[in-house]
Amino acid sequence: MDEKSLWKTVLAELQLTLTPGSYQTLFAKSKLVAREKTSVTIGLANSQIKNMVTERYYSLLKEIVDRITKGPQKLIFVVNHTVEPEKQSAGPLFEVLDEEQEKEEHVEKILQDLHLRSDFTFENFAVSGSNQLAFAAASAVTKNPGSAYNPLYLWGGVGVGKTHLMQAVAISLLHKDSKTKIIYATSEEFTNEITMSIRNKNTDRFKNKYRNAQALLIDDIQFIAGKDTTQEEFFHTFNTVQREGGQVILTSDKPPHEIGGLEDRIRSRFEGGLVVDIQPPDLELRAAILLIKAKQKGIELPPGLAQQIAQETESARKLEGFLVKLINSVRDGGAELNQDLVRELLGKKALSGTTSRIEPKAALQAVCNYYSIKVADLKGSKRKREIARPRQVLMWVLRNECNLTLEEIGLFLGGRDHSTVIHGVEKISQMYDSSEIIKKDVLGIKQRMYG
């Protein structure tokens, strides 16, 4: 990789990691001055920025550079006067960055508490004819929540971006005002909370939580069908939130009129807003999704390779799984990112349904043996960390090594909702890139599976 490509890749990853204010102030005008075998010299705008990068961002920058160059590098910082003369005083610069960083960290903490993915933003959403209306409607909601398209009902198949758009609205609202009260839950979580509140005789707490929301986001709303108590409580919650000016956003795998077992009064509420169908992504959109996901993971994927992968992979969710395998082959296996590697991995993917396929029971046993836990615990309802994390790893293995669908994984693990499976698979996919512990666990499990 030449110097220009190296620094372009480093900056792309920094832009995804840092706040916009921090990136623009510290790195937007930085340059790669020189690259030796074991060192990289970076030019920064002035001495104040040089001091801040050295003190606060050295470890982050070194981790990115080492990973991209595939080897330990010594970072050398210099003041590059050709970039920008030194004009700023240390005081205001530090104050602005501190304020920006504190705000960003506060929002990030809220996102974690709400179980929202920080990368599910409008900027990271690829738009084409199949989802343009949904994107426009979600964007309009952020400008006038509670009035524009209330409720907003997004429906479509697995992996078309429903949850991404819904969470993008929440993230946008929080960046505008971090005090906005947002509630995000799957219909399964909503139902479980109702059940527990009735059992514990604290329904007032449940009502206060949901009915005071300024933005109520419910994923996979179709699963409240046939559940009388859940529908009763949701009906009143919906009415209260809407009456008080709050925004309601719902996702489903089918339009309201096709959901059997749904009360007419609730179906009427759904159809009273904007119902938007999101179609499966076409070839161009799948390629765009790949390019965005690759950039998020710090990889410059050539457009030609993205097209090649997109032609062979129709599911948007499978695209991400393939991208993880591709990146692992490059970063961990030392392979060169080219057409031959993509063709080889696509070939393995095509053979994955043959006799070499690992049976789900074998994967289950391998995970249980590795973590020394019981099958009943893994398939049961316990949510302790020592059980929940191995269960998510198993979901990832069942998805990527056994090629099970989300529904098949849910059934195999005791009838879990597919949104829970999605969360588990995506969680491990994210951690695989950043956590050596998870990477070690997955490799250990694979060794047990494949001998």
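One can find the structure itself at the top, above this paragraph.
Residues numbered from 1 in each chain as written. Predicted model: local features only at pLDDT ≥ 70, side-chain atom pairs only at ≥ 80, totals over all residues. Heavy atoms only, no water.

**A word on the overall build of the protein**
Part 1: In terms of regular secondary structure, the protein is built from 21 helices and eight strands.
Part 2: Along the first, second and third principal axes, the C-alpha set of the protein runs to 70 × 60 × 45 Å.
Part 3: Scored against the burial criterion, the 451 residues of the protein give a buried share of 50%.
Part 4: Sequence separation of at least 24 residues holds for 73% of the intrachain contacts in the protein that already meet a minimum separation of 6.
Part 5: Carbon and sulfur atoms make up 50% of the accessible area of the protein, which totals about 21,900 Å².
Part 6: Side-chain charges of the protein comprise 61 positive and 58 negative groups, with the mean position of each set lying 4 Å from the other. (Helix = DSSP H or I, 4+ residues; strand = E, 2+ residues; numbered from the N terminus. Buried < 20%, exposed > 50% of the residue type's maximum accessible area, 1.4 Å probe, protein only. Contact = heavy atoms within 4.5 Å. Areas by Shrake-Rupley, 256 points an atom, 1.4 Å probe, with all protein chains shown as cover. Lys, Arg positive; Asp, Glu negative; His and termini not counted. Charge placed at Lys NZ, Arg CZ, Asp CG, Glu CD.)

**Things to note about the packing of aromatic side chains**
Part 1: A complete count under the given rule lists twelve aromatic pairs for this structure.
Part 2: Aromatic side chains Phe 190 and Phe 234 sit 5.9 Å apart centroid to centroid with 80° between the ring planes, which places their arrangement in the edge-to-face category. Residue Phe 190 is found in helix α8 (residues 187-199), and its partner Phe 234 is found in helix α10 (residues 228-243); the two are separated by 44 residues along the sequence. The same class applies to Phe 190 and to Phe 234, which are both buried.
Part 3: Site record: aromatic cluster; members linked through ring pairs are Tyr 153, Phe 190, Phe 206, Tyr 210, Phe 234, Phe 238 and Phe 270.
Part 4: Residue placement shows Lys 379 over the ring face of Phe 412; its charged tip is 4.4 Å from the ring centre. (Phe/Tyr/Trp six-rings, centres within 6.5 Å; stacked < 30°, edge-to-face > 60°. Lys NZ or Arg CZ within 6 Å of the ring centre and 35° of its normal.)

**Digging into the pattern of salt bridges**
Part 1: Under the criterion given, the structure shown has 17 salt bridges.
Part 2: Arg 67 is the partner of Glu 13 in a salt bridge, and the nearest nitrogen-oxygen pair spans 2.4 Å. Of this pair, Glu 13 sits in helix α1 (residues 3-17) while Arg 67 sits in helix α4 (residues 58-69); the two residues are 54 residues apart in sequence, bridging distant segments of the chain.
Part 3: The shortest N-O distance in the salt bridge between Asp 377 and Lys 382 comes to 3.3 Å.
Part 4: Taken together, the shared-partner salt bridges connect Glu 13, Glu 63 and Arg 67 into one network. (Salt bridge = Lys/Arg side-chain N within 4 Å of Asp/Glu carboxyl O.)

**Digging into the sheet that holds strand β8 (residues 274-278)**
Part 1: One open sheet accounts for five strands, arranged β5-β6-β7-β4-β8; its pairing is parallel. Looking at strand neighbours, the two that pair on one side only are β5 (182-186) and β8, the edges of this open sheet. This sheet shows a mean twist of 15° between the axes of neighbouring strands, independent of strand direction.
Part 2: Bridge analysis of strand β6 (residues 215-219) against strand β7 (residues 247-252) gives four bridges, and the strand direction is parallel. Residue pairing for β7: Leu 216 is matched across the bridge by Val 248.
Part 3: Helix-sheet contacts for α8 involve β5 and β6, and the interaxial angle to β5 is about 100°. (Pairing = 2+ DSSP bridges. Axes fitted to C-alpha atoms, helices over the stretch in contact; angles between N-to-C directions.)

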